[in-house]
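Working through the structure, step by step
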There are 2 protein chains.
Amino acid sequence: MTQHDHEPLEPRAVSRRRLLGTVGAAGLAVGATGGAVASAAVRDEPPTALTSLGATRVPFHGTHQAGILTPQQAHGHLAAFDLAPGAGRKQAAALLRRWSATARELMEGEAQGGGRDTGIALDAGPSSLTVTFGFGRAFFSRTGLTDQLPTELAPLPEFSADALDKDRSDGELWVQIGANDALVAFHALRALQREAGETAKLRWQMNGFNRSPGATSHPMTVRNLMGQVDGSNNPKPGEKDFDARVFVPASGTPAWMAHGSYAVVRRIRMLLDDWDKKSLAEQERVIGRRKSDGAPLTGGSEDTEPDLDKRSADGSPVIAADAHVRVTSPDTNGGAAMLRRPFSYHDGFRDDGAPDAGLLFIAWQADPLRGFVPVQRKLDRGDALSRFTRHEASALFAVPGGPGKGEYVGQRLLEG
Amino acid sequence: MTQHDHEPLEPRAVSRRRLLGTVGAAGLAVGATGGAVASAAVRDEPPTALTSLGATRVPFHGTHQAGILTPQQAHGHLAAFDLAPGAGRKQAAALLRRWSATARELMEGEAQGGGRDTGIALDAGPSSLTVTFGFGRAFFSRTGLTDQLPTELAPLPEFSADALDKDRSDGELWVQIGANDALVAFHALRALQREAGETAKLRWQMNGFNRSPGATSHPMTVRNLMGQVDGSNNPKPGEKDFDARVFVPASGTPAWMAHGSYAVVRRIRMLLDDWDKKSLAEQERVIGRRKSDGAPLTGGSEDTEPDLDKRSADGSPVIAADAHVRVTSPDTNGGAAMLRRPFSYHDGFRDDGAPDAGLLFIAWQADPLRGFVPVQRKLDRGDALSRFTRHEASALFAVPGGPGKGEYVGQRLLEG
């Protein structure tokens, strides 16, 4: 697999070092274990020594954009923008150039250039900040670039269980922000929104979170708000088909998407009041895994493959026909797989008293028609978990490969 | 000053130790530096070694309730409940007993008892979880306890700048949750709401955050979303008047409020788009402090007293007449002081495109008439910062002293 190269600290980072006592040591540590760090994104190992929470820096430049293989951060913001009336390809290119410059500065732990920094992240380290940019289908017609529209960006099919809010779906430009500090993440969101200026207007914005690094000394298991271990069956870097499943190949089409990926974003509300009324045994039957450690009901540990053929003494399948783990298994989906890298969300309570909470599902794949779409089609037909969820928003974005030095994200598209 | 005693780990915590590799060491460390930890709540020193982020446990029992002197956590939930029709003193007492038992269990890092745990916090340590309970004015008439109503719980006066949403103000029962892990905090909120059952219904609920421990190696400076250092002029434990300002004395009235405190809660939206348009010099003039390090414009460091009499060469005061630091200074308010312990909030964006973000202001004092009220009256008359804020919700709660072993919070009121 291809991985980010971890850059040495550049001289411009020096002014920040006074405030980051451990940045030198942490930089070396990250450099020496770059492979392990990238792998941790999917294998759920502790991503950073805790003493380096603030000091850890994720490179902006690389083969892939940051925020895909980066270990899941504690805080996330998702934002979609639409170009303003009158803005076209030229203005979009200028915006992506500004956004890329700001993303690089902030990911390196600097203040935003030009004296325009809001100061919200002052005296914090970069805290594993990542900024990831993508393009929605409507962007291509708006900018006269329909000849560059990837076939993979075809609209997702409608699913019978969808209850989508169009105002919180789709969008021409997408920004994903992640960081292990809330103020660092908010600082980046404010900076990027300001850069958008009169060129692009916010369409929707969502906030999410994951476990804090160090909240457990257990391997960095990701749990969702149902209490379930999440992402167990993710493809893992180093596996035979990992790159082919997650990233567009170097020779892929369109050429500007080389090393890129497609992100499916779904806001999935959880019916937690209903879920919490179910017994542990009922919940585990719905999922097909043990709640305590994520192991399949057929035994082993979280990493053990579920034995979908195993039967109980009475002849019934140990993992039920409609268990989530069976329906989503690559074995039952012609090998379809995607890299799920979600955030949880909690926006208070609804008027009916139920929590407005669930999962900001983000799935990465080389082709949604071989990732999200076939899996969701099966879920839509008969998944036990779907009775406890509502898909309330949906979007699909083309996320180009990582920028080289001196390049901005999307340059190969906008100046191709 | 009185402080929490840090308890030895009890045998029931053992089952959790497997997952918390550092809990033994951290427990000892906390015990040995208990004074320093309580002090850090106000002095903004790093509260925990980062390796103990998950393992750090705040005792439920103590002279004061947890969550007042505890260092500010990275995640917070505030929730107000009203008793359901038909529920009175007896049902309220049973609820406080259930809530206290659950708060103690979760703060000690256990699962919720009775097999009713949702599992959301499984394999996380207690992560400095605190749960704090308070009573609003309406509680006393609902429960026939008007003879126990503290005079300090008189309704706050109306301020000209208030734009209060009644649906997000007041409330009969108040719960403040803080933790350094988002899932630990959410888990506690869900558990307590479930315990409320048919006895009490949610009135309002808000989510907040602070910087993650370890995001900076600088002393744990608290910044708000304007980028300003917040809480610099807080009274500090060990100062002569600290206890008298923050806590009801042991001999205070009513007797059930001994060692308790009064919490003023204000949801203060920040007009960040307006604020961010101001130059650094203009922002610093509004506050009267340097943005970079919180030092007064009259010099020194964050801990230096502002020299309110100092004048520039042209004779004008260095700290402007309407600067926030001058208007809120105890010297200009007859010594009025309160312990501010806020969370920031960010609930996405409003319909007008402005961020729905600001401060969940929480101020602790022995008497609001000698703390919040005189300061807010002065702010209301001519504070430069007020042009950039909107008070959107308000509440005042009586927060009893900490429970002894075997006691539940509020027992002295409800069974007195």
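It should be emphasised that the depicted structure is a prediction, and the values quoted were computed from it without experimental measurement.

**Examining the pairing of strand S2 (residues 130-135) of chain B**
Residues and elements named next belong to chain B. The buried fraction of S2 is high, at six of six residues. Of the two faces of S2, the one holding Thr130, Thr132 and Gly134 and the one holding Val131, Phe133 and Phe135 are both buried throughout. With six bridges connecting them, S2 and strand S3 (residues 173-179) associate as antiparallel partners. Following the sheet pairing, Val131 is matched in S3 by Ile177.

**Here's the deal with the packing of helix H4 (residues 89-107) of chain A against helix H6 (residues 182-196) of chain A**
Residue and element names in this part refer to chain A. Between H4 and H6, the shortest axis-to-axis distance is 9 Å and the interhelical angle comes to 160°. Taken as axis vectors, H4 and H6 run roughly antiparallel relative to one another. Of the two elements, H4 crosses H6, and the hand of that crossing is right-handed. Counted together, Leu95, Arg98, Trp99, Thr102 and Leu106 of H4 and His187, Ala188, Ala191, Leu192, Glu195 and Ala196 of H6 form the full contact between these two elements. Here the contact of H4 with H6 is built from residues that sort into seven nonpolar, two polar and two charged.

**What to know about the UniProt feature "domain: Dyp-type peroxidase N-terminal" (unreviewed entry) in chain A**
Taking the numbering used here, the UniProt-annotated feature "domain: Dyp-type peroxidase N-terminal" (unreviewed entry) corresponds to residues 65-210 of chain A. Split by type, residues 65-210 of chain A is 27% helix and 22% strand. Its first and last C-alpha atoms lie 20 Å apart.

**Quick word on the interface of chain A and chain B**
Counting residues at the interface gives 59 residues for chain A, matched by 59 residues for chain B. The interface formed by chain A and chain B holds ten salt bridges in total. Across the pair A:Asp123 and B:Arg211 runs a salt bridge whose closest N-O atoms are separated by 2.7 Å. In this assembly, chain A and chain B are joined by 33 residue pairs in polar contact (both at pLDDT 80 or more). Here the side of chain A that touches chain B gets seven residues from one element, more than from any other, and that element is H6(A). The residue inventory of the side of chain A that touches chain B, partitioned by class, reads 22 nonpolar, 26 polar and eleven charged.

**Quick look at the side chain of B:Ser261**
All names here are of chain B. Residue placement: Ser261 occurs in strand S5 (residues 261-270). Note on Ser261: relative accessible area 0%, which makes it buried. For Ser261, the side chain forms a polar contact with the main-chain oxygen of Val246, separated by 2.8 Å. In this structure the side chain of Ser261 is engaged in a polar contact, spanning 3.3 Å, whose partner is the backbone oxygen of Gln365.

**Digging into the relation of the copies chain A and chain B**
When chain A is fitted to chain B, the residual RMSD is 0.0 Å, and the transformation amounts to a turn of 180° plus an axial shift of 0.0 Å. In short, the pair behaves as if placed about a two-fold rotation axis. A share of 100% of interface residues in chain A that are also interface residues in chain B marks the association as one of identical surfaces.

Cut-offs used in this document
- Residues numbered from 1 in each chain as written.
- Chains lettered and ligands numbered in written order.
- Predicted model: local features only at pLDDT ≥ 70, side-chain atom pairs only at ≥ 80, totals over all residues.
- Heavy atoms only, no water.
- Buried < 20%, exposed > 50% of the residue type's maximum accessible area, 1.4 Å probe, protein only.
- Helix = DSSP H or I, 4+ residues; strand = E, 2+ residues; numbered from the N terminus.
- Pairing = 2+ DSSP bridges.
- Axes fitted to C-alpha atoms, helices over the stretch in contact; angles between N-to-C directions.
- Parallel < 35°, antiparallel > 145°, perpendicular 65-115°, else oblique.
- Left-handed = near helix turned anticlockwise from the far one by under 90°.
- Contact = heavy atoms within 4.5 Å.
- Nonpolar A, V, L, I, M, F, W, Y, C, P; charged D, E, K, R; others polar.
- UniProt positions renumbered as here; feature names shortened; annotations may be inferred.
- Salt bridge = Lys/Arg side-chain N within 4 Å of Asp/Glu carboxyl O.
- Polar contact = N/O pair within 3.5 Å; in protein donor to acceptor, adjacent residues only side chain to side chain.
- Least-squares fit on C-alpha atoms with pLDDT ≥ 70 in both.

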